[in-house]
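Below are the chains, spelled out letter by letter.
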Amino acid sequence: MFEPGLFITAEIKVKPEIDLDIAKQAIAEFCCGMNSESGCSLAIAHQDMSDPRRFILWERYDDQAAFQQHFSAEHTQHFIGLGITDLVQAFETDLMTVGEK
């Protein structure tokens with residue numbers, strides 16, 4: 001289903017003073033921008049059902065270089081510049097392999 005690569009799981013929280021509908025639109029546009037990056041094959045946002053201001057982003061990059069390039073992309077700098085969310089935590093993972101060391 002997926003090729004090995006660098007998978008990012010990021011938890012972000014919309015700041016209390018930010019209108020949630022505006023934030024959702026910005027997050028959707030951010031994901032669209034990420035999906036247009038040459039080294040990114042997945043960028044989707046999930047909204048927490050019990051805390052609507054909490055989002056989990058799933059991203060997949062070809063490698064660390066593609067992930068680093070992501071931070072210089074115009075859409076990434078724009079989203080960060082909006083200042084509408086806080087990064088709670090982020091994890092870098094890869095696909096689990098069985099039988100390999």
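Residues numbered from 1 in each chain as written. Predicted model: local features only at pLDDT ≥ 70, side-chain atom pairs only at ≥ 80, totals over all residues. Heavy atoms only, no water.

Participant: Which residues make up the side chain of Arg53, and what are the values?
Facilitator: For Arg53, the position within the fold is in the loop between β2 (40-47) and β3 (54-61). One buried charged side chain, Arg53, makes no salt bridge at all; its nearest oppositely charged neighbour is Asp51, positioned 6.2 Å away. Polar contacts involving the side chain of Arg53 include one to the main-chain carbonyl oxygen of Ile18, which spans 2.5 Å. (Helix = DSSP H or I, 4+ residues; strand = E, 2+ residues; numbered from the N terminus. Buried < 20%, exposed > 50% of the residue type's maximum accessible area, 1.4 Å probe, protein only. Lys, Arg positive; Asp, Glu negative; His and termini not counted. Salt bridge = Lys/Arg side-chain N within 4 Å of Asp/Glu carboxyl O. Polar contact = N/O pair within 3.5 Å; in protein donor to acceptor, adjacent residues only side chain to side chain.)

Participant: Outline the sheet that holds strand β1 (residues 6-14), listing residues and values.
Facilitator: Taken together, the four strands give an open sheet; going across it, the order is β2-β3-β1-β4, and neighbouring strands pair in antiparallel fashion. The two strands at the open ends of the sheet, each matched to only one other strand, are β2 and β4 (85-93). Strand after strand, the sheet turns through a mean of 15 degrees between neighbouring axes, direction not considered. Relative to the sheet, helix α1 (residues 20-35) contacts β1, β2 and β3, its axis offset from that of β2 by approximately 165 degrees. (Pairing = 2+ DSSP bridges. Axes fitted to C-alpha atoms, helices over the stretch in contact; angles between N-to-C directions. Contact = heavy atoms within 4.5 Å.)

Participant: Tell me about the confidence of the model for the protein, and name the residues and values.
Facilitator: Any residue range with low pLDDT should be treated as having predicted coordinates unsuitable for detailed reading. Scored by pLDDT, the protein comes out at a mean of 95, with 97% of its residues at no less than 70. Per-residue pLDDT, averaged within each element of the protein, yields its smallest value for helix α2 (residues 64-70) (95) and its largest for α1 (98). (pLDDT = per-residue confidence, 0-100.)

Participant: Tell me about the environment of Lys15, residues and numbers included.
Facilitator: Considering the arrangement of structural elements, one finds Lys15 in the loop between β1 and α1. The spatial distance from the C-alpha of Lys15 to the C-alpha of His46 is 17 Å, given a sequence separation of 31 residues. If we ignore the near neighbours within four places in the chain, the residues touching Lys15 are Arg53, Gly83, Ile84, Thr85 and Asp86. Here Gly83 takes part through its backbone oxygen, which lies 3.1 Å from a polar atom of the side chain of Lys15.

Participant: So what's going on with helix α3 (residues 74-82)? Residues and values would help.
Facilitator: Note that an α-helix has 3.6 residues per turn; residues three or four places apart therefore point the same way. Looking at α3, one finds that the buried residues are His75, Thr76 and Phe79. Taken down its axis, α3 places every buried residue within 100 degrees of arc, on the same side. Opposite its buried face, α3 presents the exposed residues Glu74 and Gly81, each directed more than 90 degrees away. On the buried face of α3, the contacting elements are β1, α1, α2 and β4. (Arc of directions from axis to C-beta.)

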